[in-house]
Amino acid sequence: MAERHPDTEQWSRLIAGEVQSREATRLAWHLRHCEACQQGVAALADGERLLSSLLGSEPAPEVPAAAEAPEYDDIITRTYDALLRREADLERDRSLAPLLFEDLMRHPLGRQKVLVLNTTRYRSWGLIEMLLARTASAWFEAPVEALEHAEVALLLAESLDSLDYGEGLLNDLMARCWVYLGNSRRIASDFRGAEEAFAKADALLAIGTDDPLERGNFLRIHASLLRDQRRWAECRATLEKAVAIYQKVGDPHLAGKTLLSFAALQVEEGEADELVATLREAQSLIEPGREPHLEFGIQYNLITALVNAERFIEARTVLAKSRDLLTRQATDSDRRRLLWLQGVVARGLGQLESAEAYLLRAREQYAGLGLSADAALVSLDLAMVFLQQGKSAEVRRIAQEVLPIFQTLEIEREALAAVLIFREAADAERLTLGILREVSRRLAGAREQGISEERRESLGSQ
């Protein structure tokens, strides 16, 4: 669905005081948060006066100060007062949300649902926003927790009174809950449930406030489901709409964030050079400090993309320039991935001793946590280093160790056949870097389909 804004006739009727108070409040809320519509209204007769009343700005000098009809003054006053009350209520809700969240989290999920349905103190817009924020932060570190938070947030949103918040705003909020629930289901591989959730979000946005940011958020996250379903054309079109919305409302950061979803699509399509260009563009748009871990994700994936394109010198340069950021923002999981990545970069530069040290440390950490699939994947990169060093015994040992691990995983037949070829070639001492690269390439696709036990998407997910 295309982005929707009130048309000129609706704005003219608002200026003339010809709309009911509830409709006036909905239109005024949209105008207060939409720069594109503010520009359009400013061009209308008496539009500057409307903006002055709603936004607290000075009217343009050319607009006469003559008194308007009482109906106009009354409806603007009522609308402005309603907006102030609503925003004050929201700020109060947000200030109390951390205490309510902490109290609610003391209970198991079943009890949480009973409490939010039967206890009015939890019916807080701010608490819903906090639950959704926690949902997003838990998507790949704690997906079960993310799903639970989204379910509780939706129950709360559905329990709010539209008379308190307005039907349009409440529909927007419920749509946002369905979007976050849909993405949580997607991550849990419940694609049918995710589709149902996104369809409900779409329907609610159609009767919401026409907030372009809500629509952009829906499109950006829905694209992740389309990508997972391998609906490439729909995914690309959806992302293009999202980027257009963010550019229109003047939010380059969100446009850059959406480009990460384009990058994820290019990973699937194998467009290495295009991927690097997209990530560099996203990097130029992201606002520093706004979402620190997003900056980490861009840098990490840019280095990965450069490695996959065998542009190892550029990868080393980016790695050196972003070392402080990567170190500062990295989680324990990130640090393991960085060790792995540094080993691959060093191998590509011919720094075999450094590569061996990095990869051995990475493999040891994965194995120590019982993440055998990840340890096996690191071992394949380590085998390339050993092969270049002429350590044929170590290469054969890796070939013997990784085969049983991959046989227990649900990977494509072609990927498993590649591992068998690897072992046979190693045993016969006919293994070449070309064979190992092909094995790694085939397993890279399987890895994206989930054989990595520590899978955590950095691209196109939030």
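This one's a predicted model, so the numbers in the text were calculated from it and none came from an experiment.

Engineer: Mind showing me how you'd approach the packing of helix α6 (residues 109-118) against helix α8 (residues 143-159) here?
Structural biologist: Geometry of a packed helix pair, given as the angle between the helix axes and the separation of the axes. Interaxial distance between α6 and α8 falls to 9 Å at its minimum, and their mutual angle equals 15°. When the interaxial angle is binned, α6 and α8 end up roughly parallel. For the crossing formed where α6 meets α8, the hand is right-handed. Contact residues: α6 offers Leu 109, Gln 112, Lys 113, Val 116 and Leu 117, while α8 offers Glu 148, Glu 151, Val 152, Leu 155, Leu 156 and Ser 159.

Engineer: So what exactly am I meant to see when it comes to the side chain of Arg 220 here?
Structural biologist: One can find Arg 220 in helix α12 (residues 212-228). Polar side-chain contacts of Arg 220 include one of 2.9 Å to the side chain of Asn 217.

Engineer: What exactly am I supposed to notice about the packing of helix α11 (residues 191-206) against α12 here?
Structural biologist: At a closest axis distance of 11 Å, the pairing of α11 and α12 adopts a crossing angle of 160°. Between α11 and α12, the interaxial angle falls into the category roughly antiparallel. Both α11 and α12 take part in a crossing whose hand is left-handed. Across the interface between the two elements, Phe 191, Ala 194, Glu 195, Phe 198, Ala 201, Asp 202, Leu 205 and Ala 206 of α11 pack against Glu 214, Arg 215, Phe 218, Ile 221, His 222, Leu 225 and Asp 228 of α12. Of the residues contributing to the contact of α11 with α12, the split by class is nine nonpolar, one polar and five charged.

Engineer: What should I look at first to understand the confidence of the model for the chain in this one?
Structural biologist: Low pLDDT means the predicted coordinates in that region are not meant to be read closely. Of all residues in the chain, 83% have pLDDT values of 70 or greater, and the mean over the chain is 81. When pLDDT is averaged over each element of the chain, α11 comes out on top at 96 and helix α24 (residues 433-451) at the bottom at 65. With pLDDT under 50 throughout, residues 57-70 is counted as low confidence; its partners more than four residues away or in other chains account for 10 contacts. For residues 447-462, every residue scores under 50 in pLDDT, and the model assigns this stretch 60 contacts once sequence neighbours within four places are set aside.

Reading guide: rules and limits
Residues numbered from 1 in each chain as written. Predicted model: local features only at pLDDT ≥ 70, side-chain atom pairs only at ≥ 80, totals over all residues. Heavy atoms only, no water. Axes fitted to C-alpha atoms, helices over the stretch in contact; angles between N-to-C directions. Helix = DSSP H or I, 4+ residues; strand = E, 2+ residues; numbered from the N terminus. Parallel < 35°, antiparallel > 145°, perpendicular 65-115°, else oblique. Left-handed = near helix turned anticlockwise from the far one by under 90°. Contact = heavy atoms within 4.5 Å. Polar contact = N/O pair within 3.5 Å; in protein donor to acceptor, adjacent residues only side chain to side chain. Nonpolar A, V, L, I, M, F, W, Y, C, P; charged D, E, K, R; others polar. pLDDT = per-residue confidence, 0-100.

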